[in-house]
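Here is what each chain is made of, one letter per residue.
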Amino acid sequence: MKRWHKRMMLIVLVLMLAFAAGCSNNGGNEGTGNSGQTNDGASNSGGDSKSGGTQDLLFWTPFSGADGVFMKDMVEKYNASQDDYNVKFIVQPSGEFYKLLDVALSTGGKESPNLMIMHVDQIPTYVSKDQLQPIDDIAAGAGLNKTDFVEAPIEYSTIDGKWYGIPLDIHPLVMYYNKDLFEKAGIANAPTNRAEFDDAVAKLTDKASGTYGYVVPTLWPQQFLFPTLVWQNGGELWDGKDVAYNSPQAVEMVEYLRSLIDKGISPANVQQDGENTLFLQGKNAIQFNGPWMKGQFDEAGMNFGVAAMPQLGKVKQAVFAGSHSFAIPKNVTDAAVKEGIGSFLKYVSENSLDWAASGQALASTAMLESAEFKALPQSKIADSFSYVQFAPNVLNWPTISDPIWGELSSALLGDKPVQQALDDAVAKSRQAMNK
């Protein structure tokens, strides 16, 4: 019995040592193993690596439309250019992107991104939630400086002296115009101010053929157009303490848009995307929209031009813009992953002409100054970069400002007087702020 007992004890001891060794190996796989988690189940903030030693990086983007193809191509080219890192390109539905991101960042699981695309006006909110880390050190390690990029998004994403977002592009509101209709109307150049615009749209309107000089959208892309016109007219969306889009400057610009409908320059009761449908049909001579529309017009075989947004307000040139930026979650701590992120960001900054193929204007100053970019139709968009403005740097701004779009639509459709509609929008926004 004693001999049997000793033998059993020896077997148990061997099994315990083997089990401990196995756990130790698994726990030591942070950033290099297949589990992506430490022993306690917490995210290792690293990302898996292949058996050959290549470090995987999880890269989340909201590019679920046609632009996703261009980013996917850039990622594949980067992966093929070196053997140290493998960027896993993950597309989340654009409409659900931030909901999914909130869950991933809160849980910190192994599928949580190491790097993500974030709209620049979302960065302050995520910084306030303590979910982003400053990008200064990673950028410096990759040889990237703030001066390598257009100033506006850098300034916006620098909070309390710390830099949180490396910009990929800037997408301001731009003007598309039908070159064939312009030529027929005897208009040589795209309008740059209100007087030229009024003259052009009057000449371009042909009621007999059902052609309009400019079709006023009642819904999207008013999210870009309304702020642009308010700023151009000397108004503000936010005065530092409160919403301000019922000001005389804002009311005047909405009444101006409504006057184009009353004059027959634009049809009334335009539904969602109606202005774009008419533009594609050759029945709308001018459309204000974003750079992302270029691909659609190219595919349609249209003879169109691209120009900077004209100054329709009376005070200054300004244009609302967005920007896609690279941001890094706070819980990414693995040194190898950070080095990989820096390597990828450096590659993108030097090769973002591939992204310009999607119609976007780039934020890298070196790319903007290149002969290749200047040869692209959208290069004229960069002319507006010195006066672009982003959404007010106010927490939860999308929720606060949401009431304006329905009220603005009511005003443009003639369902409410302009002043009443904007007053109602302000009242609803104030309610949202008090929740």
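None of these values were measured; they are calculated from a predicted model.

A short note on the sheet that holds strand β14 (residues 361-362)
Then, in step 1: Here four strands make up an open sheet; going across it, the order is β14-β7-β12-β15 and the pairing mixed. Here the strands that pair on one side only, and so sit at the sheet edges, are β14 and β15 (388-389).
Then, in step 2: By the bridge criterion, two bridges tie strand β12 (residues 319-322) to β15 in an arrangement that is parallel. Across the sheet, residue V319 finds its bridge partner in β15, namely V388.

Some details on the packing of helix α10 (residues 248-262) against helix α19 (residues 418-434)
Then, in step 1: One can describe the packing of α10 onto α19 by two numbers: an axis separation of 9 Å at closest approach and a directional angle of 130°. Overall, the two elements α10 and α19 adopt an arrangement that is oblique. In this structure, α10 crosses over α19, and the sense of that crossing is right-handed. For the pair α10 and α19, the contacting residues are A250, V251, V254 and E255 in the first and V418, Q419 and L422 in the second.
Then, in step 2: Split into classes, the residues belonging to the contact of α10 with α19 amount to five nonpolar, one polar and one charged.

Things to note about the pattern of salt bridges
Side chains bearing opposite charge may pair, as long as their charged atoms lie close to each other.
Then, in step 1: Scanning the entire structure with this criterion turns up 15 salt bridges.
Then, in step 2: A salt bridge links K77 to D354, with the nearest nitrogen and oxygen atoms 3.4 Å apart. In this pair, K77 is assigned in helix α2 (residues 67-81) and D354 in helix α14 (residues 353-356), connecting sequence segments 277 residues apart.
Then, in step 3: Residue K77 is classed as partly exposed on the basis of its relative accessible area of 37%.
Then, in step 4: As a salt-bridge pair, K294 and D298 come within 2.7 Å of each other at their nearest N and O atoms. Of the two residues, K294 and D298 are both situated in helix α12 (residues 294-299); the distance of four residues between them amounts to about one turn of the helix.

A short note on the confidence of the model for the protein chain
Then, in step 1: Taken residue by residue, the protein chain gives an average pLDDT of 87. The fraction at 70 or more is 88%.
Then, in step 2: Of all secondary-structure elements in the protein chain, the lowest mean pLDDT belongs to helix α1 (residues 2-27), at 39, while helix α8 (residues 194-204) reaches the highest, 98.
Then, in step 3: Considering only residues more than four positions removed or in separate chains, one finds that residues 1-46, a stretch of pLDDT under 50, has 43 contacts.

The rules we used
Residues numbered from 1 in each chain as written. Predicted model: local features only at pLDDT ≥ 70, side-chain atom pairs only at ≥ 80, totals over all residues. Heavy atoms only, no water. Pairing = 2+ DSSP bridges. Helix = DSSP H or I, 4+ residues; strand = E, 2+ residues; numbered from the N terminus. Axes fitted to C-alpha atoms, helices over the stretch in contact; angles between N-to-C directions. Parallel < 35°, antiparallel > 145°, perpendicular 65-115°, else oblique. Left-handed = near helix turned anticlockwise from the far one by under 90°. Contact = heavy atoms within 4.5 Å. Nonpolar A, V, L, I, M, F, W, Y, C, P; charged D, E, K, R; others polar. Salt bridge = Lys/Arg side-chain N within 4 Å of Asp/Glu carboxyl O. Buried < 20%, exposed > 50% of the residue type's maximum accessible area, 1.4 Å probe, protein only. pLDDT = per-residue confidence, 0-100.

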